[in-house]
Amino acid sequence: QVQLVESGGGLVQPGGSLRLSCEASRRIFSINTMGWYRQAPGKQRVLVASITRAGSTNYADSVKARFTISRDNAKNTVYLQMNSLKPEDTAVYYCYVRDSIGSVYWGQGTQVTVSS
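Residues numbered from 1 in each chain as written. Predicted model: local features only at pLDDT ≥ 70, side-chain atom pairs only at ≥ 80, totals over all residues. Heavy atoms only, no water.

## A short note on the sheet that holds strand β7 (residues 67-72)
The four strands lie next to each other as β1-β3-β8-β7, forming an open sheet whose pairing is antiparallel. The sheet terminates laterally at β1 (4-7) and β7, the two strands that pair on one side only. The sheet shows a mean angle of 15 degrees between the axes of neighbouring strands, taken without regard to direction. Here six bridges tie strand β3 (residues 18-24) to strand β8 (residues 77-82), and the two strands are oriented antiparallel to one another. Residue leucine 18 lies in a different strand from β8, and its bridge partner there is methionine 82. (Pairing = 2+ DSSP bridges. Helix = DSSP H or I, 4+ residues; strand = E, 2+ residues; numbered from the N terminus. Axes fitted to C-alpha atoms, helices over the stretch in contact; angles between N-to-C directions.)

What follows is the structure, given as structure tokens:
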């Protein structure tokens, strides 16, 4: 069974930092793109950042220069370092994986709350 296990969410004050991690089970072969979406209450799920197997990255304009995505191919793990967090970053963050044939797998989601 395919699994994506996320960790690292929580409550942080504005200006603080969090690091999200997502490990994909070994049953997902030939992982291509890994990344993160987020969904705030009452809003659609939107892309935050993605990274290809070769290391090419893509970021939403709202998080550029604050968030950094990285991955460890040997561990099938993707990370999202989030700095200078703002209240508007509050959302459920979902990791995803797209394999070489286009199948997409999702994590269960982790809550990030930015509040004083």
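## A few points about the environment of leucine 18
Mapped onto the elements, leucine 18 comes out in strand β3. The exposure class of leucine 18 is buried, given its relative accessible area of 14%. Setting aside residues no more than four positions away along its own chain, leucine 18 makes contact with Gly8, Gly10, Val12, Leu80, Gln81, Met82, Leu85 and Val112. (Buried < 20%, exposed > 50% of the residue type's maximum accessible area, 1.4 Å probe, protein only. Contact = heavy atoms within 4.5 Å.)

## Points about the pairing of strand β4 (residues 31-39)
Pairing geometry for β4 and strand β9 (residues 91-99), over eight bridges, is antiparallel. Paired with tyrosine 37 across the bridge in β9 is tyrosine 94. Across five bridges, the pairing between β4 and strand β5 (residues 46-51) is antiparallel. Bridged to arginine 38 within β5 is valine 46.

## Observations regarding the environment of arginine 53
Along the chain, arginine 53 falls in the loop between β5 and β6 (57-59). According to the relative accessible area criterion, arginine 53 is partly exposed, its value standing at 45%. Placed eleven residues apart in sequence, arginine 53 and glycine 42 show a C-alpha to C-alpha distance of 32 Å. What arginine 53 contacts, discounting residues up to four positions off in sequence, is Ile31, Asn32, Arg71 and Asn73.

## Side note on the nonpolar core
Trp36, Val48, Phe67, Ile69, Leu80, Met82 and Tyr93 are the most contacted members of the largest nonpolar core, which has 28 residues in total. When contributions to this core are tallied by element, the ones reaching two or more residues are β3, β4, β5, β7, β8, β9 and β11 (110-114). Once you skip the residues sitting within four places of it in the chain, leucine 80 turns out to touch Leu18, Arg19, Leu20, Trp36, Val48, Ala49, Phe67, Thr68, Ile69 and Tyr93. (Core = buried A, V, L, I, M, F, W, Y, C linked by side-chain atoms within 4.5 Å.)

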